[in-house]
Amino acid sequence: MPTKFFPLGGPVPGEDIVGRDDLLMSLEMRLSEGQSVMLASPRRTGKTSIAHEIIRRFKSKNYYTIFIDVFQPATKKELTTLLIDSCLENRTGIKKTTDTLKKGIKSLATSAKLTFRLKDLELDILLDLDREGKEEVLLSYALELPEKLGRLDNKKVLVVFDEFQDFQKFNGDNIFKTLRSHFQNHQYVTYLFLGSKKGTLENLFSHSKEAFFRFATIVPMPEIPEEKWIEYIQKKFSTKKIAAPETAVKEIIRFTGGHPQDTMAVCSEIYYILLESNIQMLSTDVVRIGFERAKSSLIFVFDNILDDIGKNVHTRKILKKIAIGDMVYQGEENPAEVKRAIDLLLTAGIIEKTARGKYEFYEPMFKEYLLDNTF
Ligand SMILES: Nc1ncnc2c1ncn2[C@@H]1O[C@H](COP(=O)(O)OP(=O)(O)OP(=O)(O)O)[C@@H](O)[C@H]1O
Ligand SMILES: [Mg+2]
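**A short note on the layout of surface pockets**
So, step 1. Here the largest pocket is characterised by a volume of approximately 1300 Å³.
So, step 2. Looking at the largest pocket, it is lined by 48 residues, and the ones nearest its centre are P42, R43, R44, T45 and K47.
So, step 3. Of all the secondary-structure elements, those providing two or more residues to the lining of the largest pocket are α2 (47-60), α13 (260-277), α15 (299-309) and α17 (335-347).
So, step 4. The element that contributes the greatest number of residues to the lining of the largest pocket is α15, accounting for six residues.
So, step 5. Tallied by class, the residues present in the lining of the largest pocket amount to 22 nonpolar, 14 polar and 12 charged.
So, step 6. Along the wall of the second largest pocket there are 26 residues; nearest its centre are F67, L82, S86, E89 and K95.
So, step 7. Looking at the lining of the second largest pocket, the elements that each hand over two or more residues are α2, β2 (64-69), α3 (76-92) and α4 (97-104).
So, step 8. Considering only residue class, the lining of the second largest pocket consists of seven nonpolar, seven polar and 12 charged.

**Things to note about the domain arrangement of the chain**
So, step 1. Split into domains, the chain comes out as domain 1 (20-218), domain 2 (226-297) and domain 3 (300-372).
So, step 2. Just the C-alpha atoms count here: the centres of domain 1 and domain 2 sit 38 Å apart.
So, step 3. If you look at the interface, domain 1 gives four residues, while domain 2 gives four residues.
So, step 4. Regarding the contact of domain 1 and domain 2, the summed buried area is about 310 Å², with carbon and sulfur atoms giving 46% of it.
So, step 5. Interface area lost by domain 1 to domain 2 is led by R20, R44 and T45, which between them contribute 91%.
So, step 6. Run the count over domain 1 and domain 2 and you get one salt bridge.
So, step 7. The shortest N-O distance in the salt bridge between R44 and D262 comes to 3.5 Å.

**Some words on the site of ligand 1**
So, step 1. As a matter of local geometry, ligand 1 sits amid 23 residues, with P7, G10, R43, K47 and S49 nearest to it.
So, step 2. Contact distances for ligand 1 include 3.1 Å between an oxygen atom and a backbone N or O atom of R44.
So, step 3. Within the side chain of K47, a nitrogen or oxygen atom sits 2.7 Å from an oxygen atom of ligand 1.
So, step 4. Summarising the interface, the protein chains cover 94% of the accessible area of ligand 1, which totals 630 Å² for the free molecule.
So, step 5. In this structure the site holding ligand 1 corresponds to the largest pocket.
So, step 6. Secondary structure elements with two or more residues in the shell around ligand 1: α2 and α13.

**Observations concerning the side chain of S196**
So, step 1. In this structure, S196 sits in the loop between β4 (189-195) and α10 (198-206).
So, step 2. Residue classification places S196 among the buried residues on the basis of a relative accessible area of 9%.
So, step 3. Sequence-distant contacts of S196, that is, excluding residues within four places in its chain, are made with S41, P42, R43, K47, E163, Q165 and L201.

**Considerations on the nonpolar core**
So, step 1. Among the nonpolar cores identified, the biggest contains 51 residues, and I233, F237, I270, L282, I350 and F361 are the most heavily contacted of them.
So, step 2. Among the elements that make up this core, the one with the highest residue count is α13 (eight residues).
So, step 3. Not counting residues up to four positions away in its chain, the partners in contact with I233 are V249, I252, I253, T263 and C267.
So, step 4. Counting residues in hydrophobic clusters, the runner-up holds 45 residues, among them L79, V157, V159 and F161.

What counts, and where the lines are drawn
- Residues numbered from 1 in each chain as written.
- Chains lettered and ligands numbered in written order.
- Predicted model: local features only at pLDDT ≥ 70, side-chain atom pairs only at ≥ 80, totals over all residues.
- Heavy atoms only, no water.
- 1 Å grid on protein atoms, 1.4 Å probe; cavity = no way out; pocket = protein on both sides within 12 Å on 5 of 7 lines; lining within 4 Å.
- Points joined across faces, edges and corners; volume = space filled by probe spheres on them.
- Helix = DSSP H or I, 4+ residues; strand = E, 2+ residues; numbered from the N terminus.
- Nonpolar A, V, L, I, M, F, W, Y, C, P; charged D, E, K, R; others polar.
- Domains from an automatic or database assignment.
- Contact = heavy atoms within 4.5 Å.
- Buried area = accessible area lost by both parts, 1.4 Å probe.
- Salt bridge = Lys/Arg side-chain N within 4 Å of Asp/Glu carboxyl O.
- Near = heavy atom within 4 Å.
- Polar contact = N/O pair within 3.5 Å; in protein donor to acceptor, adjacent residues only side chain to side chain.
- Areas by Shrake-Rupley, 256 points an atom, 1.4 Å probe, with all protein chains shown as cover.
- Sits in = over half its atoms within 2 Å of the grid points.
- Buried < 20%, exposed > 50% of the residue type's maximum accessible area, 1.4 Å probe, protein only.
- Core = buried A, V, L, I, M, F, W, Y, C linked by side-chain atoms within 4.5 Å.

Put into structure tokens, the structure is as follows:
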């Protein structure tokens, strides 16, 4: 959890979530009705912040809640353990129940208490986690556990999968069929799926041949309205007795396009500049310096985005063309290559289509980075 004054680089606390009231309300309403939801949006736009807030809200409604970041586990065994632990935490209050169980079995007191809390579950299977050749059985058990707990304890259950598309790493496309075959029979569980590979996820949930077709409502991630940013930034600075005139704040949004993490990054740099120079007033000059510093701090992130796209010359040429503002289909490139490059950039959530043959960067600061650098 980020601890900076302007939280940066991870899920933000509820009070720092800007401009998501309507989205959160809509998610809460649908999920409460038992309607599973899929929400996909590019990197660093606030998915995990939303996931954590939804978990907080449903915990306070007395739901059992399970949060899995699918990016984390590297193997099926790790995934299974993570799932089982997250499920059991609702009953035991212990983060790593399976570990505690294995170790605690030595201490009679812990063992007795835990055994009591888990009395109606097959404990042997939990102790089997390290056994070779049991992977599929254990994963099945883990995937059924939310429903089983819900039924046993008569509780509603919310399961959130963050970076859901990353299930692919376990077993290609087949894993999604397995997941669906479990999830579709669940009565007590509602699912929230989040992920950054928008194209992949939208295909998985909306294509009739794909495993998750019509399993969840697809909810779009809206842009954060400018006035919400202005309100938040002014209020935040005012808690430090810093005046933030609207013209200067608007300049921040103009630089970042309101991109969630970039806007926070610029605000954060501005805040440190003001602290260092003991100034209590935001000006457009300070905003410009803050923007330049934020841009340098984001170089590593932007380098990674470029690496992800790959070294394909066509894609990079198209990227540069869009950054400069040239028409993509004008030039000597083969139209099929251009189309392939554009599809890749759209799927990766880097560009958006604004009109026929016209594209814009989703993240204006990434465009600035491209214009600053030769690659
Ligand atoms: N609604 C928001 N209000 C304010 N800041 C936000 C918001 N959403 C995201 N941010 C900023 O973006 C950063 C990343 O947020 P978060 O981790 O929730 O996004 P994400 O989409 O899950 O990112 P990733 O793709 O890296 O997993 C936060 O630390 C914060 O600086
Ligand atoms: Mg995230």
